[in-house]
Each structure stands twice: as C-alpha cells, then as structure tokens.
Amino acid sequence: MDRESMSGDKASDWRFDLKGAAPPVAARRDARRIIHGRALDDPYDWLAAKNWREVLRDPDALPVDIAELIKAENAYCARVMAPLNDLRTTLVAEMRARIKEDDADVPDPDGPYAYYERFHEGAEHPLYCRTPRHGGAETILINGEALAEGHDFFDIGDAAHAPDHAQLAWSVDDAGSELYDIRTRALSDGLDRADVVSDSDGSIVWRADSKAYYYVLIDENHRTAQVFRHEVGADPATDALIIEETDGAWFVSLHESRCRRFAIVSIHGHDASECWLIDLREGDPTPRIVAPREPRLRYDVEPHGDLIYIRNNADGADDFRISVAPLAEPGRENWKDVVCHRDGVMIDGFTVYARHLVWMLRENSLPKLVIRALSSGEEHAIHFEEEAYSLSLDPGLEFDTDVLRFVYSSMTTPDETYDYDMVSRTRVLRKRQEIPSGHDPKNYVTRRLFAQARDGESVPITLLHRADFAPGGEGAPLLLYGYGAYGYALSASFNEDILSLVDRGFVYARAHIRGGTDKGWRWYEDGKLENKQNSFADFIDCARSLILAGYTHEGGIVAQGGSAGGLLMGAVANEAPELFAGVIASVPFVDTLNTMLRDDLPLTPPEWLEWGNPIASVDAYDRIASYSPYDNVRAQYYPPILAIAGVTDPRVTYWEPLKWVAKLRATMSDGGPVLLFTHMGAGHAGASGRFEALEDTALEYAFALACVAGLLKKAKDLPPVC
C-alpha cells in the first residue's frame, strides 16, 4: 500500500481546524495564600476536587462543574483535531499491523510446568497459561480478555501461582487508580474464592506452604504503608499486619527472593532504603531487618544459602557496589565487597542464581551484562555490536539453573529474547519480535551523539532515522523525547510505533539529560533539588546541538515527555518556545509548586527529596517557584501544545494539566492551539488494552504531523510504510 491511497495521509491534509471552535474558558476564582512571606495566587485552584480520594475510586464522583469543563476540553480537542481523523485511523491501522496479534511469551519453566502469557487474535488483554514443562496440553489459568468485558479499564497487576502449583493469586485494577483487588482460585476448577483483598498495590508473594500470601496495602492517602499476610479463604479483616511504615515519605514494596526462601520488603525513599526478610517457610515469622536505614544509604538484597548479597552505595560508592555478608549477621559492619565500585559505571541491578552472580552495568548510557561463577570467581561480559542498544534481564522463576534469559533490542532491531548458558557461554535465540507488516533494520540508522551542555557537560543523544536521510541544510522535522528525573535512565530500545513518524520524514531522538542515571548516580544528583535547572538546560542544549548538526532546524522540533517529563515539557516551553514546532505533554507534572505544598497528596512527602520541601524551606519554595511550569506561564508565544491526562491518575492528578491549559490560554500572547484530552476512566498509564492504547499514540502522532506539515515533503514523495 502506498501513501497516496491512504485516506487523509497527505501532508496537505495535516492541519488543525481553528475556525469553527472557541476553546473552553475556565472561570477564575480568586485564591491567595501567603507562604514564607510570598503571595501565591492560584485562580484555578478550584479545579482540584476536594473529594479527590473518592474520585480515584469512582470517576463519576467528580464535581459537576469540573466534569463539565473536562468534557468541554475533550470536545474542543476533538473539534480542532477533526481534520486529522482519517490520519489517526490510518496511524492506528498501521501500528496495529506491526503487532503480532496472536503473540506469546517464551515460557518460563518452574518445576513440573512452564508458565507464559499469550494473546489470541483481536484480544486487548492476555491469557495466562501453562503447559507441562516438557510439552503437552495447555491450561488457561486466567482469561484476561473475558474478565475485562464490561470494564473501560482493566489491568492485571500480578498472576502468581502458588508453590504447590495447585492455585493462583491474581490482582486487578479496574479503574486506573492503581488500587488492586487480589483474588485466589483453585486451578482444578478455575473458580475464584469468595475472599477478596482490596486496595493492594498488586504485588503477591506466597508462603511456602501455599496456604497464605503476603501483600502491600495502600492507605487512604494512596500510599503504600503496610505489609499484611492473608490466609487463603479467611476474612481479609482478620489479616495479620506484618510490617508498618508510619513516615509518609517512605514507600513500601514487596517481592520474592530469587532463592524463593524469603519475601523481601523494601522500605525506600528517594535517597535511602531499608530491607526486611520474611521467612516463607515459617507460618508466623518475625521479620528480620538487614541494615537499619541511614540517610543517603540505598541498598537492595538477594539471599543465597547462608549468605546475603547486597547492592549498595555505602562509603561513597555512589554508582553502587555489590557486597556479601552472613545471612545470620547481615548488618553493615559485616559487608565485604565482591564487586567494587567504579566511578561513572553504574551497577543498575543484580541477581543471584545457585552458581552465578549476574549484574547489569551502565556506562555512558550503554548497558552491559556481567556474569561471575561463584565457585571460581571467574567472570565475563556479554558483548554486542550496535552503536546504541538496550538490554533487560528476565530472571525467570527458577534459582537452580545455569540459564540466564535476557532481551536485546536497539532503535532499529526488534526485541530478541535469548537464553544464555552461563557455563558454556553460548546463547540461543528463543524469540524474535515479529513485525507482521514487515520491517527491515537496514532501512534505518541508529546513532549515538553527544551534545555539549552550556556548563561543558557531554549529554548523550540516541537517534533514529531512515537510512536515506543525511543531516545537512535544514534537516528534517524531529521528535525529541526527554524525561530527566528520579534516576530513571532512558534506554535505546526498539519502538515499533515511532516508525510511523520516521517513515513520514521525522528524525527521532532521545535526550539522556541530567536527572536520570544514564551516566551514573552523579548524573542524577546533578538534575535534582538545587540542580533541577540542569535538566531543562540539557534538553534545550540537545535541541540546539541537533540543529547545529543539521538534523533539524529551529522551529522544526516536536518535544515530547510524560509525567516528570511533562514538567520538562512545561519548563522548556516557557524558556525556549521558539525552538519547538509543538509540545506533547502526557500526564504532565506541571503544577509543581502547589503539589509540593500539599502534604495530603499521595506522592508529595516522598518527593520532597527529589524537588525540595517548600513547606519547610523558603529556599526550596523559591527554587521550585522559579521553574514550576504553571507558575511561570507568561505573555509570550507558545507553540501548539497537546496535554493528556487521566481522571483516576493517583500520581499526577488530573487538575495539573487542566489548570496549566487554562492558564496558558488566558496568558499567552500568540501561538497555540493548546489542547487537552482527559481519559474519564483511566489513570497514569492511559488506556489498558494493547490496541486501545494505540488511539492515544495516534492522537499524539497526528498532532506532531500537523505541527510540522509545512516542513515535510509532499506525502507522495515519501517512502511507503506498509
């Protein structure tokens, strides 16, 4: 199929309708607070529903005046984007054609069975299945597609079979609010039992006798604070409280150790952590602490026989080291290094098998897998040839194995799943991601560039473009993605959806800015708290570097980011609007100052260590006020902006983008349009179905194409995409 035959897929058709619709106007209601002697005016404060806790559970509880404004925003967005409807339909069909509809995971062996997820053709949600380990008839354990029927949102958080392989516990969120109900079923009949645990975070760890499981409860402020044990078949009201964290600045999480002997409880903030072990062999064990929390001490653990391995940043090991201690005496005084710290080489994670220690390194934003034989100490790394690539560990379900599973991809190479024999050092390709509509990596080029930041730092950029594109002149339209927060490092992984823009003439770039750990822990520290401005400056400097290198030109860049990356979008739109043809901000954290002033919101106390506490500190107040996107909207030109939100989002509340959009329209002197689309029944991650999610992507990509339509060649001159 060529582009000429695609309805609406000509650059001349890629436009906004700005004539037939006036944007909604949110009422201004005076609201002023005096904080540290500073006046904080917020005329759109009323858009934050007082009953937000209720709204997370039931979107219909949203106050009528707020709901009507959100619906008006959705209608306005639909009217402005109406000329792009055919293009959006084409994009959805194109992206769906790249999905193998009857896809299946590589099975994970565990004892007598092998477990996996798969989809049947046309299904939005997966089936959870197993077969006998060495082959045989399939048993469907959970039919996600059937269970999702009648729900606007449906996300299975965990599906954990019991150690006896005779029953299964599974968790589901059917509102997008990240409040999961846990049910159990006997696999002999597949029927769920009557006892349902509500308001969990979705994680499940079975006790070794298969008669009980551990879970994390979410409190009324939507924070993970308690670990409980539930006896199968019992009334959840009688569940035993095992661990409780009373400080709202700390999160609680739960997972099973690799050796499957312990449940590991991690209590962590943004700069420290504390781990506890619950012995799964005991009926009513007393949790044991590994090392008490200390300021800025971060660690995670894996028990192994009579030892415990600890990845930690103690004693100045900012990029982490791996230590070992006796399991019976795991305190810091007994930690001995087995993998030493190397400055600038981040140990991202690790796991321990019966005979091998495995860890993932990241240096200059590129990952590496390293394996050590525990008996001999001999170690080796697995090497890859591409200039930029992504690696992820899939540790599997078994401890006593010499097989390591990992997934490799790059911006040009679809996911490849390998089983690696850690003894013979050989790998077997178990699965290559299929692109049914066709994909030839040779038609694309991935590059790794470095932009010089204004303070002399070197910022990595990962690029993807068609092989027939060469930088020079005005270059091409460019989608520049960024995040830069919480130490999250951007990968150079394959994204089949982005090909819909690249095949229409875009260059795609990921900016590895400060605030992530792309270049080690220092890279994160240099992009938080008093150094937060570095994140914004890096993104702008990456944009200008790409312009100077001939990949694009001023006004030819569409910027994209979500959540904390949405804060980045709001900040760079305020600081350098002339660089951008458009801005896409998904669930954007743009009302930063007001949110950090509300200690009742789910993430505020834990995030004071990321942004600062403006309640307690005037310096933190002034610093956040200097960049908070909502508070720095000014009378200037703004490029077209698309914001996306979710009413039941507990992480970035719906009112942040709603207030931001209202203030932008009321204040900007030129530019736009400014659009907002809000999911009325979904949260932070948007639509839950695998095909439904394509609608959001198509909205974003159609918006991006409309922003740069005048910069692209005529559609008939572009290469075919399917």
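Scroll up for the structure.
Residues numbered from 1 in each chain as written. Predicted model: local features only at pLDDT ≥ 70, side-chain atom pairs only at ≥ 80, totals over all residues. Heavy atoms only, no water.

A. Spatial organisation of the nonpolar core. If you look at the biggest cluster of nonpolar residues, it comprises 84 residues, and the most contacted ones within it are Leu-480, Phe-539, Leu-546 and Trp-611. If sequence neighbours within four positions are ignored, Leu-480 has contacts with Ala-509, Ala-511, Phe-539, Ala-543, Leu-546, Ile-557, Val-558, Ala-559 and Gln-560. (Core = buried A, V, L, I, M, F, W, Y, C linked by side-chain atoms within 4.5 Å. Buried < 20%, exposed > 50% of the residue type's maximum accessible area, 1.4 Å probe, protein only. Contact = heavy atoms within 4.5 Å.)

B. Looking closely at the sheet that holds strand β3 (residues 108-110). What the four strands build is an open sheet, ordered β3-β4-β5-β6; its pairing is antiparallel. Since the sheet does not close on itself, it has two edges, and those belong to β3 and β6 (139-143), each with one partner. Within the sheet, the average angular offset between the axes of one strand and its neighbour, ignoring direction, is 25°. Pairing analysis gives four bridges linking strand β5 (residues 127-132) to β6, with the strands arranged antiparallel. Across the sheet, residue Arg-130 finds its bridge partner in β6, namely Thr-139. (Pairing = 2+ DSSP bridges. Helix = DSSP H or I, 4+ residues; strand = E, 2+ residues; numbered from the N terminus. Axes fitted to C-alpha atoms, helices over the stretch in contact; angles between N-to-C directions.)

C. Quick peek at helix α13 (residues 692-708). Under the 1.5 Å per step criterion, the end-to-end length of α13 is 26 Å for 17 residues, consistent within 8% with the ideal 24 Å. The buried count for α13 comes to 14 of 17 residues, which makes it a mostly enclosed element. (Expected span 1.5 Å × (residues − 1).)

D. The sheet that holds strand β19 (residues 299-304), seen in detail. Spatially, four strands are ordered β19-β20-β21-β22 in an open sheet, and the strand pairing comes out antiparallel. Each edge of the open sheet carries a strand with a single partner, namely β19 and β22 (336-339). Recorded for the sheet is a direction-independent mean angle of 30° between the axes of neighbouring strands. Pairing geometry for β19 and strand β20 (residues 307-312), over six bridges, is antiparallel. Considered in β20, the bridge of Pro-303 is made with Ile-308.

E. Main features of unusual backbone geometry. Residue Pro-673 is reached from Gly-672 by a cis peptide bond, and omega for that bond is 10°. Mapping Pro-673 onto the fold places it in the loop between β39 (670-671) and β40 (674-679). A positive phi angle, near 65°, is found at His-222, a position not held by glycine. Structurally, His-222 can be placed in the loop between β12 (212-218) and β13 (224-231). If you check the backbone angles, Arg-296 has positive phi at about 70° while not being a glycine. With respect to the element layout, Arg-296 can be found in the loop between β18 (288-289) and β19. On the basis of relative accessibility, which here comes to 48%, the residue Arg-296 falls in the partly exposed class.

F. Fine view of the packing of aromatic side chains. Following the criterion strictly, the structure yields 21 aromatic pairs and no others. One residue, Arg-427, lies across the ring of Tyr-418, its end atom 5.5 Å from the ring centre. A cation over a ring is seen here: Arg-466 above Tyr-444, with NZ or CZ 5.6 Å from the ring centre. (Phe/Tyr/Trp six-rings, centres within 6.5 Å; stacked < 30°, edge-to-face > 60°. Lys NZ or Arg CZ within 6 Å of the ring centre and 35° of its normal.)

G. How the structure looks around the packing of helix α7 (residues 533-548) against helix α8 (residues 564-575). Look at α7 against α8: their axes get within 10 Å of each other, and the N-to-C directions meet at 65°. Put simply, α7 runs roughly perpendicular to α8. As α7 packs across α8, the resulting crossing turns out to be right-handed. Counting all contacts with α7, which are made through Gln-533, Ser-535, Phe-536, Phe-539 and Ile-540, the residues of α8 involved are Leu-567, Leu-568, Met-569, Ala-571, Val-572 and Glu-575. Here the contact of α7 with α8 is built from residues that sort into eight nonpolar, two polar and one charged. (Parallel < 35°, antiparallel > 145°, perpendicular 65-115°, else oblique. Left-handed = near helix turned anticlockwise from the far one by under 90°. Nonpolar A, V, L, I, M, F, W, Y, C, P; charged D, E, K, R; others polar.)

H. Geometry of the pairing of strand β34 (residues 507-511). Buried residues dominate β34, accounting for five of its five residues. Side chains Val-507, Ala-509 and Ala-511 project from β34 onto one buried face, and the interleaved Tyr-508 and Arg-510 project onto a second face that is buried too. As paired elements, strand β32 (residues 458-466) and β34 share four bridges and run antiparallel to each other. Paired with Leu-464 across the two strands is Tyr-508, which belongs to β34. The pairing of strand β33 (residues 478-481) with β34 spans four bridges and is parallel. Considered in β34, the bridge of Leu-478 is made with Val-507.

I. View of the environment of Arg-690. Positionally, Arg-690 belongs in the loop between β40 and α13. The sequence separation of Arg-690 and Pro-126 amounts to 564 residues, and the corresponding C-alpha distance is 9.3 Å. Excluding residues within four positions of it along the chain, Arg-690 makes contact with Ile-99, Lys-100, Glu-101, Phe-119, His-120, Gly-122, Ala-123 and Glu-124. Reaching out from Arg-690, the side chain makes a polar contact with the backbone oxygen of Glu-101 at a distance of 2.6 Å. At a separation of 3.5 Å, a polar atom in the side chain of Arg-690 contacts the main-chain carbonyl oxygen of His-120. (Polar contact = N/O pair within 3.5 Å; in protein donor to acceptor, adjacent residues only side chain to side chain.)

J. Spotlight on the pattern of salt bridges. Tallied over the entire structure, the rule returns 53 salt bridges. Note that Glu-101 and Arg-96 form a salt bridge whose closest N and O atoms lie 2.7 Å from each other. Note on Arg-96: relative accessible area 30%, which makes it partly exposed. Ionic pairing is found between Asp-468 and Arg-466, a salt bridge with its closest N-O pair at 3.6 Å. Asp-468 gets classed as exposed once you look at its relative accessible area, which sits at 58%. For Arg-466, a relative accessible area of 14% translates into the label buried. Among the ionic contacts, a cluster of salt bridges with common partners joins Arg-207, Asp-209, Arg-229, Glu-231 and Asp-284. (Salt bridge = Lys/Arg side-chain N within 4 Å of Asp/Glu carboxyl O.)

K. Representation of the side chain of Arg-504 within the structure. Summarising the element assignment, Arg-504 is placed in the loop between α5 (499-502) and β34. For Arg-504, a relative accessible area of 0% gives the class buried. A polar side-chain atom of Arg-504 sits 2.8 Å from a polar atom in the side chain of Glu-94.

L. Layout of the packing of helix α3 (residues 85-96) against α13. Between α3 and α13, the shortest axis-to-axis distance is 9 Å and the interhelical angle comes to 125°. Judged by the angle between their axes, α3 and α13 are oblique. Every pair of crossing elements has a handedness; the one defined by α3 and α13 is right-handed. Contact residues: Leu-87, Arg-88, Leu-91, Val-92, Met-95 and Arg-96 in α3; Leu-694, Glu-695, Thr-697, Ala-698, Leu-699, Tyr-701, Ala-702 and Leu-705 in α13. Taken together, the residues of the contact of α3 with α13 break down into 10 nonpolar, one polar and three charged.

M. Focus on the pairing of strand β7 (residues 155-161). As paired elements, β7 and strand β8 (residues 167-173) share six bridges and run antiparallel to each other. Within β8, the position partnered with Ile-156 by the bridge is Val-172. Linking β7 back to β8 in an antiparallel pair, the connection comprises five residues, with His-165 at a positive phi of about 60°.

N. Quick look at α3. With 12 residues, α3 ought to run about 16 Å at 1.5 Å a step, and its terminal C-alpha atoms sit 16 Å apart, in line with that. Among the residues of α3, Leu-87, Arg-88, Thr-90, Leu-91, Val-92, Glu-94 and Met-95 are the ones counted as buried. Each element contacted by the buried residues of α3 is listed here: α5 and α13.

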